[in-house]
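# Observations on chain architecture
Chain by chain, the residues:
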Amino acid sequence: MRILGVENAENAQGSPSRSGTLPERLSAELDSIRFATILFADIVGSTRLLRALDPEDGRDLLDSSIALIQDAIHEFGGLVVRIQGDGVMAVFGVQPAAEDHALRGALAALRIGEKMKSGALGFLPAPQVRVGIHAGPILLRRQDNDFGSILDVVGHAAHVAGQIEKMAPPGSVAISATIASLIAEPTELRPAGSIESGGSETPEGRGEAVFELLSVDFLGSDRVPVKGNATAPVIGRETELEQLRALVGGLANARQGTLAIIGEAGMGKSRLLLEASRIAAGHGTTFAAVRGNALLEAVPFGCLGGTLRHLIDLLQPFAPDPAVAAQLSANEAACLAGLSANETGWLSHLPPGDRSRIATGTIVRIVELAAAHMRLLLLVDDAQYLDSETLMVLAAITRGGRIAMIVAGRPEGLPRINGLCATQLRLGSLSRSAARTLVSLINRIAPVDDSVIDHVIDRAEGLPLALQEFAVMLQGTPAADADGGDDALSAAPLPARLDALLAARLAALDADATRLCQICAVLGPVFPVSRLQRGGELVCRNPVTAVARLVDARVIEFVGTGQARFTHQLVQEAAYRAMARRRRTAMHGNALVILKEAKARTDLALRAGTGDETASHAELATHAEKAGLHAEALVHLWEACVQALSLAAIDAVRQLHERACAIVARLPAAQAAFERSRFAMLVFDTLQQLSLEQILRTDVLAVADGKVNLGPGLRTVARINMALLDWIDGAPTRGMVWLAQAEADLDKHESLPRRTYADLTAAYLAFSLGNPAEAVNRIDRLGARLADGLRGETFGAVVVIPHVLARAFGAWYLTDLGQTAKARSWVAEAINLSRRYTHAYSRMLADLAHGYLHYRAGRMERALPILRRAHADCLRHDFLGFEPACVSWLALCMIEQGLLTEAAQVLSQSVERGHFRKVRTSATYYLHEARARLAMARNEASEAANLAALALNHARDCEDVVHELHALTLCAEVSAISGQPVARADTPSISTLKARADELGLAVLQKRLERLAI
Ligand SMILES: Nc1ncnc2c1ncn2[C@@H]1O[C@H](COP(=O)(O)OP(=O)(O)O)[C@@H](O)[C@H]1O
Ligand SMILES: [Mg+2]
């Protein structure tokens, strides 16, 4: 089969191996990861063949076979990387950068087989060749040896291509599923097994299917090839479809319209042409496609060969000999024969100008002949690749005004397309809702989480190809929880088709522009123009030209207000991914320089306005980290953390701490321990709000027991922190040991803030250990100190306004002790303070104390809205340390109000979140109590008994004397209702319990026990 007559293509592409040394010409490509097609060709049974020949004949056979293979590769713009004995390795898509590299590889592979069979070799029987192709990310490597430098291709994809080659039956071509998916043209395939492609290309190293490639319908004109699948309906293009319908419908009424469709790659141009062809079919209108192609860009009339053949076929019933019917001259007939056979030698005796004129005339006549017999619609795709001769033909056809035409192309083709069409349609991004529909539609069989869809939509920014490919990729990923799914998706390589397209756009840049593009990619999807300029100065020979190139190639654009951005965030992503690690590290180093300069400038000018954004420490840290400068990264992370703390941005603090830990892990052990502890002390309070404090235990312990020396002050704080950690962990006795050490420190070196912190922690411990009076005393004591001047201050590593903390906890204790008046005044104090400092965490604490007070006083209707708000705030801000308390008191209140369903709901959600497992204090006790009370209210006696027993176990487990008494009272209440004893026989009598409650002064329990005693 003859695929294509592109004898000139080779010259036009500039055969890469003919001029300049390769490594020189490819220097820009080195250090770039490229998505390319790799081809392996091997002569089957060459050893056996060679054995039968004398050495010189053997050499000739090898030489000419290899030459033939090389020629076929060069014909389609491939680059021969290596020749080893009887095998050849080539890459497509590197030099020249071509997005259709898979197609090129496939055509070259078929061409090799075809040439071998045709006897072009001159040996009989001709040896058979096996060809294998695969596409994936590769890295070009320069290898120096005694004879100079050679290039090598590194990457798993190359290895896979080699294996696929071995799977090809002798004399045939084997391709991977990736290659098959990259070729939009119709192909004839035969399954040939599968291969473990492993590596990073496929999730979980899934096998990749391998096919034998029989043919590619490269120049077919009877269909419009669309990348990927086109089975789902067109979404969000109502007005565009309306225009197509009007144009095709008008055709039936003899109105010949022309329409241009302009849009970026992957915007859905081909898809709209396909729709047009379907609409036409519905109207009984015939269509013929003309497709521009990078391979044929330099072949005059190259795109029209297939179209001519198709028209001649269509004319068969009306005009069996179209040359006669169209009244062609002898020259024109010869031209028609040549063109439709894709030959280039027709009328070669005539001067070029004459040949071109004759060809134009001939084609126009044939097209018009067809239009005379049928309603004809010409669909022109990828007009940006049309050769100027084909453009001339199309212009002549439109001038004739007898044929309708739709021309689609990318913006760079605009100058060529502009003259052709009366109306122009600009295809933009899909709307968010259309994007959602598209993704949901593709995943309708196995629907995915909304949050995952949102993530896809954000990332695709309305580009249909990206939406489609991401959506298809989702189908392959196993159902993970939303977060895991997101991460998996952004970490995974871009889908092959998308990658190929984006990579090609970037690969077309010259070395200078590539470097600029890389520094931009490191700066992010959007960046201030000043940074772009500084980046240009740092990495480019000619920054101004490089910027212009990036804008011309629509890689970046300016958006006013001093900002520039990538035209699509996926372009940035692709540019970032395309950098080899070494290059990336260097570029982050450059970015760090740029940002530090910017920061120094703004710090100097104190924001006195150049419009330049101040570089944040978090950004600086990122670049330092990625530039491999760990110590510098930690300095910036520390500053960023301090800033986040001062803004009470707790989530940012958590993330910064995680990043610091990740960097610290790369330091030597001793230094790592020091840094970890420093950061642990800094973020302790924040992580406590998030209920994550226990992850800091080892790092705080190192400071508390003196293994890491951060000075005596911080050692005392660390000891109090340890006491607190133990209290939260349900081990108050152990906590008392730490507290004693801290207080001994304080006796030696008095410190107001640390003393305050110690008193507060002592209060928590005392209450748990059954000493409520001591707890209140401690708070009284520290309150006196807070009153003079320290009210709004923070102490030690504690960010929460300590006064609010003290008053809130104090109010709970007082409420339990029945000292309502004092409790009320402390609650009021807490509320006022938290309002004054508009501090979300403090306000939640004040609300909790307030709600609890009302709840215990039996004023449920007042307690309920307050506790609802506390609950909502706690969840909204992730203040999960108080989650069990918020939920429990709210639920208890709801149960009192008879809102059982709602109570059940908040309780089961809390159980599902599981925070009660981390906070082993009274807060958790109340979760058990609330669940037990709910069961009681629902008359589920045995469930209530189980839960009451659970509450008791919890309190005992946590050495919580006060709540053990609560739990025992609860058990007594449950068994009073059910008539069955709860838990084990060691339940004391009501009178014993009452005596104990009296002793502790727990008024809340006294009343309930009195009721039980009756
Ligand atoms: N409006 C749309 N609705 C659904 N799928 C679309 C839409 N537009 C494009 N697609 C899909 O996106 C992919 C890319 O579209 P394509 O027409 O090949 O882009 P272009 O020709 O502009 O590069 C194809 O798989 C196509 O089916
Ligand atoms: Mg297209």
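Refer to the structure printed above.
### With respect to the overall build of the protein
The helix and strand tally for the protein stands at 45 helices and 16 strands. The C-alpha radius of gyration of the protein comes to 38 Å, more than 25% above the 31 Å expected for a compact globule of 1014 residues. The principal-axis extent of the C-alpha atoms belonging to the protein is close to 120 × 70 × 65 Å. Within the protein, buried positions represent 56% of all 1014 residues. Taking the contacts inside the protein whose residues are at least 6 apart along the sequence as the reference set, 73% of them involve residues at least 24 apart. As displayed, the protein offers around 41300 Å² of accessible surface, 53% of which is attributable to carbon and sulfur atoms. Counting 103 positive and 112 negative side-chain charges, the protein places the averaged centre of each group 3 Å from the other.

### Examining the environment of Asp-726
Its location among the elements puts Asp-726 in helix H31 (residues 712-728). Of the residues examined, Asp-726 reaches a relative accessible area of 0% and is grouped as buried. Sequence separation of Asp-726 and Phe-809 is 83 residues, and the distance between their C-alpha atoms is 18 Å. Not counting the four nearest positions on each side in its chain, Asp-726 is found in contact with Arg-697, Ala-731, Pro-732, Arg-734, Gly-735 and Trp-738.

### Focus on the environment of Ile-594
Relative to the helices and strands, Ile-594 resides in helix H25 (residues 581-605). On a C-alpha basis, the gap between Ile-594 and Gly-810 in space is 52 Å, while along the polypeptide they are 216 residues apart. When neighbours within four sequence positions are excluded, Ile-594 is seen to be in contact with Ile-519, Arg-531, Arg-534, Gly-535 and Leu-538.

### A short note on the site of ligand 1
Taken together, 19 residues form the shell around ligand 1, and within it Lys-227, Gly-266, Lys-269, Ser-270 and Arg-271 come nearest. Take Ser-270: an N or O atom from its side chain is 2.7 Å from an oxygen atom of ligand 1. Here an oxygen atom of ligand 1 and a backbone polar atom of Arg-271 are 2.7 Å apart. Against a free-state accessible area of 560 Å², the protein chains account for coverage of 99% of ligand 1. For the shell around ligand 1, the secondary structure elements donating two or more residues are helix H9 (269-282) and helix H18 (464-476). Residue composition of the shell around ligand 1, grouped by class: nine nonpolar, five polar and five charged.

### Brief notes about the sheet that holds strand E13 (residues 423-426)
Pairing in this open sheet of five strands is parallel, and the strands run E10-E11-E12-E9-E13 from one edge to the other. If you trace the sheet from one side to the other, it starts and ends with strand E10 (286-291) and E13, each paired once. Ignoring strand direction, the axes of neighbouring strands in this sheet form an average angle of 15°. Along the sheet face, helix H10 (residues 304-315) touches E10 and strand E11 (376-381) and points at about 165° away from the line of E10.

### Concerning the pattern of salt bridges
Enumeration according to the criterion identifies 66 salt bridges in this entry. A salt bridge links Arg-141 to Asp-152, with the nearest nitrogen and oxygen atoms 3.3 Å apart. Highlighted residues: Arg-141 in strand E4 (residues 129-145) and Asp-152 in strand E5 (residues 148-154), separated in sequence by 11 residues. Overall, Arg-141 belongs to the partly exposed group, its relative accessible area being 37%. When the shortest N-O distance is used, the salt bridge between Arg-436 and Asp-454 registers 2.6 Å. Separated by 18 residues along the polypeptide, Arg-436 in helix H16 (residues 432-442) and Asp-454 in helix H17 (residues 450-460) bring together distant segments of the chain. Given the relative accessible area of 30%, Arg-436 is considered partly exposed. Connected via shared salt-bridge partners are Glu-743, Asp-759, Glu-774, Arg-778 and Arg-781.

### Details of H9
Helix length check: H9, at 14 residues, gives a terminal C-alpha distance of 20 Å against a target of 20 Å (1.5 Å per residue), a fit within 8%. The buried fraction of H9 is high, at 11 of 14 residues. Those residues of H9 not exposed but buried are Lys-269, Ser-270, Arg-271, Leu-272, Leu-273, Leu-274, Glu-275, Ala-276, Ser-277, Ile-279 and Ala-280. Note on H9: the residue one or two positions beyond its end, Gly-284, has a positive phi of about 70°.

### Observations regarding the packing of helix H28 (residues 650-664) against helix H29 (residues 669-689)
In contact at an axis separation of 10 Å, H28 and H29 are set at 160° when each is read in the N-to-C sense. Between H28 and H29, the crossing angle belongs to the class labelled roughly antiparallel. Seen along the crossing, H28 lies across H29 with a hand that is left-handed. Contact residues: Ile-650, Val-653, Arg-654, His-657, Ala-660, Cys-661 and Val-664 in H28; Ala-672, Glu-675, Arg-676, Phe-679, Val-683, Thr-686, Leu-687 and Gln-689 in H29. A breakdown of the residues in the contact of H28 with H29 according to their chemical character gives nine nonpolar, three polar and three charged.

### A word on unusual backbone geometry
With the exception of glycine, the majority of residues adopt a negative phi angle, and the majority of peptide bonds are in the trans configuration. Its identity is not glycine, yet Phe-301 carries a phi of approximately 60°, on the positive side. By the secondary structure assignment, Phe-301 is in the loop between E10 and H10. Look at Phe-301 and you get buried, because its relative accessible area is 4%. For Glu-461, which is not a glycine, the phi torsion comes out positive at approximately 45°. Mapped onto the fold, Glu-461 is located in the loop between H17 and H18.

### Considering the packing of aromatic side chains
A complete count under the given rule lists 18 aromatic pairs for this structure. With centroids separated by 6.0 Å and ring planes inclined at 75°, the aromatic side chains of Phe-527 and Phe-566 adopt a geometry described as edge-to-face. Placement of the pair is Phe-527 in strand E14 (residues 526-528) and Phe-566 in strand E16 (residues 563-566), with a sequence separation of 39 residues. Here Phe-527 falls in the buried class, since its relative accessible area comes to 1%.

### Side note on the environment of Ala-109
With respect to the secondary-structure elements, Ala-109 resides in helix H5 (residues 101-117). For Ala-109, a relative accessible area of 0% gives the class buried. Each C-alpha atom, one on Ala-109 and one on Ala-72, is 7.7 Å from the other, the two residues being 37 residues apart in sequence. Beyond its immediate stretch of four places on either side in the chain, Ala-109 contacts Leu-39, Val-131 and Val-173.

### Looking at the packing of H31 against helix H32 (residues 732-748)
Direction vectors running N to C along H31 and H32 enclose 165°, while the axes themselves pass 7 Å from each other. The angle between H31 and H32 falls in the class roughly antiparallel. For the pair H31 and H32, the sense of crossing is left-handed. Here Thr-716, Arg-719, Ile-720, Met-722, Ala-723 and Asp-726 of H31 come into contact with H32, specifically with Pro-732, Arg-734, Gly-735, Trp-738, Leu-739, Gln-741, Ala-742, Asp-745 and Leu-746. The residue makeup of the contact of H31 with H32, split by class, is eight nonpolar, three polar and four charged.

### Description of the pairing of strand E8 (residues 207-216)
As a general feature of sheets, a regular strand has side chains that alternate between the two faces. Direction of pairing for strand E6 (residues 173-176) relative to E8: antiparallel, over a ladder of four bridges. Note on E8: the bridge partner recorded for Val-173 is Leu-213. Both strand E7 (residues 187-196) and E8 contribute to a ladder of eight bridges, which runs antiparallel. For Leu-189, the partnering residue across the bridge sits in E8 and is Leu-213.

### Some words on the state of the cysteines
Evaluation of the coordinates by the stated rule reveals zero disulfides. Left unpaired, Cys-886 is separated from the closest cysteine sulfur, that of Cys-874, by 4.1 Å. Unpaired in this structure, Cys-958 has its nearest cysteine sulfur neighbour in Cys-971, at a distance of 15 Å.

### Here's the deal with the nonpolar core
Among the nonpolar cores identified, the biggest contains 224 residues, and Leu-377, Ile-406, Phe-566, Trp-812, Tyr-813 and Phe-882 are the most heavily contacted of them. Excluding residues within four positions of it along the chain, Trp-812 makes contact with Leu-845, Leu-848, Ala-849, Tyr-852, Phe-882 and Trp-889. In terms of nonpolar packing, the next biggest core, distinct from the first, is built from 47 residues, Leu-347, Ala-359, Ala-370 and Val-380 among them.

Thresholds, definitions, all that
Residues numbered from 1 in each chain as written. Chains lettered and ligands numbered in written order. Predicted model: local features only at pLDDT ≥ 70, side-chain atom pairs only at ≥ 80, totals over all residues. Heavy atoms only, no water. Helix = DSSP H or I, 4+ residues; strand = E, 2+ residues; numbered from the N terminus. Rg over C-alpha atoms; globule rule 2.2 N^0.38 Å. Buried < 20%, exposed > 50% of the residue type's maximum accessible area, 1.4 Å probe, protein only. Contact = heavy atoms within 4.5 Å. Areas by Shrake-Rupley, 256 points an atom, 1.4 Å probe, with all protein chains shown as cover. Lys, Arg positive; Asp, Glu negative; His and termini not counted. Charge placed at Lys NZ, Arg CZ, Asp CG, Glu CD. Near = heavy atom within 4 Å. Polar contact = N/O pair within 3.5 Å; in protein donor to acceptor, adjacent residues only side chain to side chain. Nonpolar A, V, L, I, M, F, W, Y, C, P; charged D, E, K, R; others polar. Pairing = 2+ DSSP bridges. Axes fitted to C-alpha atoms, helices over the stretch in contact; angles between N-to-C directions. Salt bridge = Lys/Arg side-chain N within 4 Å of Asp/Glu carboxyl O. Expected span 1.5 Å × (residues − 1). Parallel < 35°, antiparallel > 145°, perpendicular 65-115°, else oblique. Left-handed = near helix turned anticlockwise from the far one by under 90°. Phe/Tyr/Trp six-rings, centres within 6.5 Å; stacked < 30°, edge-to-face > 60°. Disulfide = S-S within 2.5 Å. Core = buried A, V, L, I, M, F, W, Y, C linked by side-chain atoms within 4.5 Å.

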